[in-house]
Amino acid sequence: MEVVKGGVKWSKVGYYSTRPMDADSQPERFYAGEFRHSIDEKNRITIPSRWRRDRPEDFILLPEATHQFLLVMSPKEFAKMSSAAETNEMVSARDRRVFLRQLHSRAQHAGADRQGRLVLPDELCQKVGLKNEVALVGNRGRFEIWNLQRWQRAHEEETATYQHVAKEIGL
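Each value, and the rule that gives it
- Residues numbered from 1 in each chain as written.
- Predicted model: local features only at pLDDT ≥ 70, side-chain atom pairs only at ≥ 80, totals over all residues.
- Heavy atoms only, no water.
- Salt bridge = Lys/Arg side-chain N within 4 Å of Asp/Glu carboxyl O.
- Buried < 20%, exposed > 50% of the residue type's maximum accessible area, 1.4 Å probe, protein only.
- Axes fitted to C-alpha atoms, helices over the stretch in contact; angles between N-to-C directions.
- Helix = DSSP H or I, 4+ residues; strand = E, 2+ residues; numbered from the N terminus.
- Parallel < 35°, antiparallel > 145°, perpendicular 65-115°, else oblique.
- Left-handed = near helix turned anticlockwise from the far one by under 90°.
- Contact = heavy atoms within 4.5 Å.
- Expected span 1.5 Å × (residues − 1).
- Arc of directions from axis to C-beta.

Let us look at the pattern of salt bridges. A full pass over the atoms with the stated rule returns eight salt bridges. Between Glu57 and Arg53 there is a salt bridge, with its nearest N and O atoms 3.9 Å apart. Assessed through its relative accessible area of 26%, Arg53 is described here as partly exposed. Among the ionic pairs, Arg94 bridges to Asp95, the shortest N-O distance being 3.3 Å. Looking at Asp95, the relative accessible area reads 40%, which means it is partly exposed. Overlapping salt bridges bring together Arg29, Arg53 and Glu57 as one network.

As structure tokens, this is what we get:
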């Protein structure tokens, strides 16, 4: 990345081209990696130490559309997602209204304490099948909490796609 006259940041795209970076395209936090943790009897899960701050933190919890996993993100990240849906002209105005209503009604506020423990609402745990040991999976500006068996199956099924795209981008 380089900074040009006027302080605009540019990023490399491919080997030869550059384009201005959108400040909003970078997540406020970056979650990477896979961790296994257990949910305790009070539906608390400990956020991995690499992912947490040394203070209480607010999150938005959202079951993935087909209830495969639970999305966890900051309110700011959730607002960006909501705004992207609101301004997407590829979707009809009616469908946007329905989607946004459903999105906001399914989302729930949650907070992590100083020790990084996040309380998961019982109804979300039941919808997504979260109990005992789960997988926490980083996904850029958000992370996912998966039923361990479901995660192992998805990881296995998605490996071919990962390998194909890795080859296409030269990884």
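Don't stop here, the text continues.
Moving on, we get to the packing of helix H1 (residues 75–86) against helix H2 (residues 93–106). When two helices pack together, their arrangement is given by the angle between the helix axes and the distance between those axes. H2 packs onto H1 with a crossing angle of 165 degrees between their chain directions and a minimal axis gap of 9 Å. When the interaxial angle is binned, H1 and H2 end up roughly antiparallel. Here the hand of the crossing between H1 and H2 comes out right-handed. In contact with Phe78, Ser82, Ala85 and Glu86 of H1, H2 contributes Arg96, Phe99, Leu100, Leu103 and His104.

Below, the discussion takes up H1. An ideal rise of 1.5 Å per residue puts 16 Å on 12 residues; H1 measures up with 16 Å between its terminal C-alpha atoms. Residues of H1 that are buried include every one of Glu77, Phe78, Met81, Ser82 and Ala85, and no others. Mapping the buried residues of H1 onto a view down its axis gives an arc of 140 degrees, with all of them on the same face. Where H1 is buried, its residues meet strand E6 (57–63), strand E7 (69–73), H2 and strand E11 (142–147).

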